[in-house]
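What follows is each chain in one-letter form.
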Amino acid sequence: MVTGNMVLLSWMLAFIVLTLHGGNAQVTVSPYNDPTRQRVHAKNTCMMYNTTIKNPSRTGSTSKTTAFYNGPSINDPATRTKIKNNFGDVWAEKWDSFCCSSDQVEALVQNMNAPKQLLSKCSPSYHNFFSLFLEFTCSPDQSLFMNITDTFYDKTFGNLVNRAQVLVTDEYKAKFYDSMKDVSLPSANLKAIVALCGSSDCDKAHLFEFIGHTPQSPFVIDFLTNNTNTWDKGKMEYYLNASILYNCWDKVNESDLMCSCQDCISNHTCPPDPNPPPPRKPFLILGIDGPLFIILVIYLVLFMICLLHVAVMYHYKRTRNQLDPLTRSASIASSISDKHIESMQNTVDKGCRKVDAILHWFFGAWARFATSHPVIVILVMCGFVAICAGGMKFFVMTSAPVDLWSAPKSRTRLEKEKFDATFVPFYRNTQVIVTARNATTFNYTLTPSSTIPANTTKEFSSVFGEDIFMDVFRLQTAIMSITAKDGNETVDLKQVCFQPLAPDIHACAVISPFQWFQNDISNTANDTSYNATYLDHLYYCFNSPLGTDDGHFHDLPCLATFNGPAASNVALGGFDKDSPNLAQALVITIPLNYHRNESKNRKAELWEKEYITFMKNYTNDKIDIAFQAERSIKDELDREAFQDVATIAISYILMFAYVALMLGKVSFNSGNTATCFCFRRWFIDAKISLGLAGVLFVLLSVVCSLGIFSYAGYKSTVIVMEVIPFLVLAVGVDNIFILVQAIQRDVKQTDESTDEQIARIFSQVGPSMLLSASSEVIAFACGSLSTQPAVHDFSLYASVAVFINFMLQVTVFLVLLYLDKKRENGERADVLCCVTASNDIQIPQGVARPKSPLYLFVSKFWVPALLGSVIVRFLVMSLFGLSFCLSIVAIPHLEIGLDQQLALPKDSYVGTYLDAIGKYLEVGAPVYFVVEHNSPIQEPAMQNEICGGTGCNIYSMVSLLNVYSHLPEYTRLAQPPNSWIDDYFQWLVPTDEFNSCCRYLKSEPFTFCPSTDIFDDCDMCIKKNEYINNRPNPEQFQKFLPWFLQDNPNADGCTLGGHAAYGTALNYTSVIHNTTGGGILPMVGGPENVTVTTNVSASYFMTYHTTCRNSSDFIEAYKQARNLSEYIMTKVENSTVYPYSVFYVYYEMYVGMVNQVAINLSVCIVAVFIVSFILLNFNLMAAVTTTLTVLMITINMFGMMYLLDININPVSLVNLVMSVGISVEFCSHITRSFALSTHLSRVDRAKEALSRTGSSVLSGIFMTKIIGVSVLAFAKSQIFEIYYFKMYVCIVALGMLHGLVFLPVFLTFFGPARNTAGIVGTTYRPIDSPEREPLLRDRQ
């Protein structure tokens, strides 16, 4: 007992000696302060004690090191009180004595402030972190797990600690790391472990390496596991063991709330990760594509049935003795008595015949009126055209992408307008992507540091080479110095850039790797103190974007000048996740402010214009540059609209010239018959003036359509201006050719006047013109039901333009045709009407004129070759049927979307930029999940539905977004969201009056005290005992929220200030009330007793999409965000949630694109059927035939789109709708001619129909379009080349093939029944009946 007391006394005396020799006096080294003596490792024995001075060898540290002390632990009441007040009763009562002084505890508390801000929302994480330092600082058994391996001497304090070893088990390291690895830092969209570990590449080894070797530590700590300790531990059997740590899903105290799912992914109560649907297995039958197999089987079955049918019919015809069709017709007619005639007439539906009779009568009567009153007709139509064209005064053309591709009332358009009005519009993006022209790599040996062992060599890509890196640095400096002129005012970047900390700090939020050098190229100079270069600092910032002090390179921070991180995945491009040093691209992003009021964007647009000019003129043979500004796409679309003006003009001129020249024909009189062609006769038979008039009517109809909709306030688009003239010319010229050629082929009857001849012919041709025109007008009108602006606007303009063109044709053109016919009858020259032909080239009245070469080709060669053999006809049906079936199979394989590059000129710099985005960028566009708060957000129940931290609902919005970000390949979310509400809760956490984020001035109780300002009279907003479970009460929530949103984050103070990250994330109002006096006070100043009413109407939570490289990626990203927001709505009862990203307005339409295409085309085709059925005398089979042919052309268009790799999008849908209209032109005239024919057999009727109208269709549509379309092949615009040239060629070619090949053959097999009424009516009418003559004449 005596011996024990003597030992204890000697320990106490040694401690007293050590304590008494403090201050500045020379200390007498006690045995316990002598590192050379034999170390004692036993219970209640320390290895260090008390704070002293800063370690001169640790230049990066501001903390004081500790004195070496291998002596007994000390029972100090002040230390116990300090521990109790800051770490709780459990720790204060855990030990009877301590190896730390109260000053050490105070220093530890100060050092725990930053980790507490990061980790306190997950109590096990924070508990484990501070317990590590509390254990090895204060544990009375310190010597059992610690050894001091290096000291230095100070004359005042003696031997001080320079390096220590701490024994921990490997399980301890793992459990310590796992407990905090998932804790999020929402404002920076990073994990807190990045800040604690000093690197984004963190594991348990790196974490303990950084903790022990961080430059901020006063001495180096080597954490050694039970397998790596290197000293003779003697009796040391104790290691810091994992049993004293908590898992992140544990509760430290029973009253604690469990760590949230976003901070503890291992929490077993977290919602499950989304289950992506398994990839669709291909539908195969016998190893063949299923739909293809089924279609081919159906086709083969139908083929065999048709083949059998043809064989039977062929055998039947060969064995049957048939009469000549004309003889049979004459014998039938001669044998019919009056009674039989009456009987036959009664069998024909009188209602059906009446429609055709009314049409014949109407058009004939109208022609007589028009030719009798030409001046009135012309003046009335001129007045109508003038009134319509007057709307051009209000004409506005837009090339704004949002107007072209997004419907004003679409969901995403309304949400965009709501977002812009509620918060601020998404910024104007200015970006530069730089790559090395000759990409290589080089090796560099990093300067050793606390986290980098000696002789560590890393490979860097050539963009980090000194020559390229510095050139690009100077390029950024030059860009930031660009100025523009707005009148007499000079506009610089700071006037237009986005400044997240304004008005406190006017720093542009430029994100680039040069922010790691504070945008100052002089900061790249070598640090000779450590032999470090700019590459060492780059490597430090690659892994520590939140780094505040690179102690080995000029003490530079990695934080940008605007106090935010410049993350590697944004500032660099083209690298694997863990290898930013191998990045292929340097990325400079300069966001500019965007204003809803367009006039306020003027300065930004002027600056962007100068920037674009500068970048176009910048040259450097070592690098490749891709760049863009917000205005770039609009500028390039405008340039594209004018770039191909010459090409379009040539195309139209050639089509106009063809029409003008080909309407006429040249003939010479040889005896009583005009049999040969002669140039001298050309001036008489030419139809130049008539052709030009027809073309002029096309232009006038387009102008009238534009004028009408300009009156209504519509804005025209590039698609309307480029497509409508082509369309109207296509559908209008055919009617002109049919009408003119009908007159050219007609022989004027004896004593028949010119106006009567015109009336007779127009009564026959008019119904056919009405059929095609009305089908097109109604089809296009139905197309306007589309919600897609491009299709809607095109269909509206097209339907009106086609209607007005038809009106001009049946009025003014008819009058001009009458006048031209009188000129021709008078043998006067075209254009020069006063010149009369000489007698030797005049053709006598009643002499038949020669047929045109095209007419002769069709009637003498094409018709016999196509329809003369049943085998040929069967082969035609088989080939077209096979083509139809294969096209159906191709439809599901068509891709949806429009690559942005195709909408730009081939030589556009924006195309290069878009390619670079897809190749190099590591993160996609920001996406905002907007919450409209329908209940007060200050209420805990409402908060729990939204937040993601401790105490929040398992299926809260932030929790779900966090969970869904775990599968970025499926959900298209690249990372967890920024959560202002979780950061606000952490910002409010009280620590002390000096280090709390939320503080106020005591002298002015409601004046905010920023963490960046040092005031002695600041105090915590909320007392520690008032802040329960990391949550404010509703009054506190409202009172301090405005302060949180105005607090700037600061690396040396509070990193959680919400100004930078959330300054625009909330739409709120806040009013301060004086509760004692009742008055309203200003935000600053006022008495202590105040209340604040803060109403948050909406807020957003931002994350990022994964990189979207093509249309499919953009569409899928939108779909996933929309589906996720709707799922969140099922879990959040008191809020409305919707997603918003800047590209949604352009890709929403593609989500329902398949349905849109099906509905639009179906409605158009049904409209064609209804009109055809009515105007073809209610002939069901004739209407079905026309509609079927139009359908086949449309389906074959899909097949051609597949072969030509053309996607489904609004532009192709416009062309498909247009193809329906043009297809009617190819089909309706031939079908009507067939239906009215009186030949007995279908083959003869098909021959007659093809002969009569085939040449007009061929010359009027096919030849005209082929000439015009061929010029578009030389267009510079990719969209012209693909969607206009290629698709127009397909439309014209398929229309011609189906109209002139398939349709006549189909009619020979399945055409409507013979026109019995026509036979009866025609045979028994007077000889001069106009309806009889053409029919009889064509049989001769």
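Conventions and cut-offs
Residues numbered from 1 in each chain as written. Predicted model: local features only at pLDDT ≥ 70, side-chain atom pairs only at ≥ 80, totals over all residues. Heavy atoms only, no water. Helix = DSSP H or I, 4+ residues; strand = E, 2+ residues; numbered from the N terminus. Contact = heavy atoms within 4.5 Å. Salt bridge = Lys/Arg side-chain N within 4 Å of Asp/Glu carboxyl O. Buried < 20%, exposed > 50% of the residue type's maximum accessible area, 1.4 Å probe, protein only. Phe/Tyr/Trp six-rings, centres within 6.5 Å; stacked < 30°, edge-to-face > 60°. Polar contact = N/O pair within 3.5 Å; in protein donor to acceptor, adjacent residues only side chain to side chain. Axes fitted to C-alpha atoms, helices over the stretch in contact; angles between N-to-C directions. Left-handed = near helix turned anticlockwise from the far one by under 90°. Nonpolar A, V, L, I, M, F, W, Y, C, P; charged D, E, K, R; others polar. Core = buried A, V, L, I, M, F, W, Y, C linked by side-chain atoms within 4.5 Å. Parallel < 35°, antiparallel > 145°, perpendicular 65-115°, else oblique. Expected span 1.5 Å × (residues − 1). Patch = residues over 30% accessible without salt bridge, like charges linked within 9 Å, V, L, I, M, F, W, Y side chains within 5 Å. Areas by Shrake-Rupley, 256 points an atom, 1.4 Å probe, with all protein chains shown as cover. 1 Å grid on protein atoms, 1.4 Å probe; cavity = no way out; pocket = protein on both sides within 12 Å on 5 of 7 lines; lining within 4 Å. Points joined across faces, edges and corners; volume = space filled by probe spheres on them.

**A closer look at the side chain of Thr971**
In this structure, Thr971 sits in helix 35 (residues 968-971). The residues touching Thr971, leaving out its near neighbours within four places in the chain, are Pro274, Tyr964, Ser965 and Gln1120.

**Notes on the pattern of salt bridges**
Tallied over the full model, the rule gives 25 salt bridges. Its salt-bridge partner being Arg474, residue Asp471 comes within 2.9 Å of it at the nearest N-O pair. Here Arg474 and Asp471 lie together in helix 18 (residues 466-480), a separation of three residues that amounts to about one turn. Exposure remark for Asp471: the relative accessible area of 13% places this residue in the buried category. According to the relative accessible area criterion, Arg474 is partly exposed, its value standing at 46%.

**Observations regarding the packing of aromatic side chains**
Applying the stated criterion across every chain, the model contains 76 aromatic pairs. An angle of 75 degrees between the planes, with centres 4.7 Å apart, marks the rings of Tyr928 and Tyr1100 as edge-to-face. Residue Tyr928 is found in strand 20 (residues 926-933), and its partner Tyr1100 is found in strand 24 (residues 1090-1104); the two are separated by 172 residues along the sequence. The same class applies to Tyr928 as to Tyr1100, namely buried.

**Section: the side chain of Ser143**
Residue placement: Ser143 occurs in helix 7 (residues 142-145). At 2.8 Å, the side chain of Ser143 forms a polar contact with the backbone oxygen of Ala42.

**A few points about unusual backbone geometry**
Ala502 connects to Pro503 through a cis peptide bond whose omega is 5 degrees. The residue Pro503 is located in the loop between helix 19 (493-496) and helix 20 (534-543) in this model. A positive phi angle is found at Asn44, which is not glycine, with a value near 55 degrees. Structurally, Asn44 can be placed in the loop between helix 1 (2-20) and strand 1 (48-54). The class of Asn44 is partly exposed, set by a relative accessible area of 43%. If you check the backbone angles, Asn531 has positive phi at about 60 degrees while not being a glycine. Among the secondary structure elements, Asn531 is positioned in the loop between helix 19 and helix 20.

**Description of the environment of Thr1189**
Inspection of the secondary structure puts Thr1189 in helix 42 (residues 1180-1203). Between the C-alpha atom of Thr1189 and that of Ser1228, which follows or precedes it by 39 residues, the distance is 9.7 Å. Look past the residues within four positions of Thr1189 in its chain and what remains in contact with it is Cys1227, His1298, Phe1302 and Leu1303.

**Observations regarding the packing of helix 42 against helix 43 (residues 1210-1236)**
Following both chains from N to C, one finds helix 42 and helix 43 inclined at 145 degrees, their axes separated by 8 Å at the closest point. The two elements helix 42 and helix 43 meet at a crossing, and its hand is right-handed. In contact with Ala1182, Thr1186, Thr1189, Val1190, Ile1193, Thr1194, Met1197, Phe1198 and Met1201 of helix 42, helix 43 contributes Ser1212, Leu1216, Ser1219, Val1220, Ser1223, Val1224, Cys1227, Thr1231 and Ala1235. Across the contact of helix 42 with helix 43, the residue classes break down as eleven nonpolar, seven polar and no charged.

**What about the nonpolar core?**
The biggest cluster of nonpolar side chains holds 280 residues, and the ones touching the most others in it are Phe176, Phe794, Trp987, Phe1040 and Tyr1283. The greatest single-element share of this core, amounting to 20 residues, is contributed by helix 45 (residues 1278-1310). Discounting chain neighbours no more than four positions away, the residues touching Phe794 are Val720, Val723, Ile724, Leu727, Phe780, Pro789, Val1214, Val1217 and Met1218. Ranked by size, the runner-up nonpolar core spans 68 residues in total, among them Val510, Cys541, Phe553 and Ala629.

**Section: the packing of helix 6 (residues 123-138) against helix 8 (residues 170-180)**
One can describe the packing of helix 6 onto helix 8 by two numbers: an axis separation of 8 Å at closest approach and a directional angle of 135 degrees. Our classification of the angle between helix 6 and helix 8 gives oblique. Two packed elements cross with a definite hand, and for helix 6 against helix 8 that hand is left-handed. For the pair helix 6 and helix 8, contact is made by Ser125, Asn128, Phe129 and Leu132 and by Tyr172, Phe176, Ser179 and Met180, respectively. Here the residues of the contact of helix 6 with helix 8 sort into five nonpolar, three polar and no charged.

**A few points about helix 24 (residues 645-662)**
Look at helix 24: 25 Å from first C-alpha to last across 18 residues, which is about the 26 Å you get at 1.5 Å a residue. Of all the positions in helix 24, only Thr647, Ile648, Ser651, Tyr652, Met655, Phe656, Tyr658, Val659 and Ala660 are classed as buried.

**So, helix 41 (residues 1153-1175)**
Compared with the 33 Å implied by 1.5 Å per residue over 23 residues, the 33 Å span of helix 41 between its first and last C-alpha is a close match. Once helix 41 ends, the next one or two residues include Asn1177, with phi positive near 60 degrees.

**Points about a nonpolar patch on the surface**
Residues Phe283, Ile294, Val297, Ile298, Val301, Leu302 and Ile305 make up a contiguous nonpolar surface patch of roughly 620 Å² in combined accessible area. Take Ile294: it is sitting in helix 11 (residues 290-319).

**Some details on empty space enclosed by the protein**
Considering all chains together, one arrives at seven cavities of 30 Å³ or more under this definition. Estimated volume of the largest cavity: approximately 150 Å³. Every residue along the wall of the largest cavity is listed here: Ser399, Leu404, Trp405, Leu637, Glu640, Val718, Ile719, Glu722, Ala903, Ile1279, Phe1280 and Tyr1284. Of all the elements in the fold, those that place two or more residues in the lining of the largest cavity are helix 16 (401-405), helix 23 (632-643), helix 27 (718-745) and helix 45. Taken together, the residues that form the lining of the largest cavity break down as nine nonpolar, one polar and two charged. Of the voids in this model, the second largest cavity is the one considered here, and its volume is about 60 Å³. Lining the second largest cavity are Lys121, Gly949, Thr950, Cys952, Asp982, Phe985, Gln986, Asn1030 and Arg1031.

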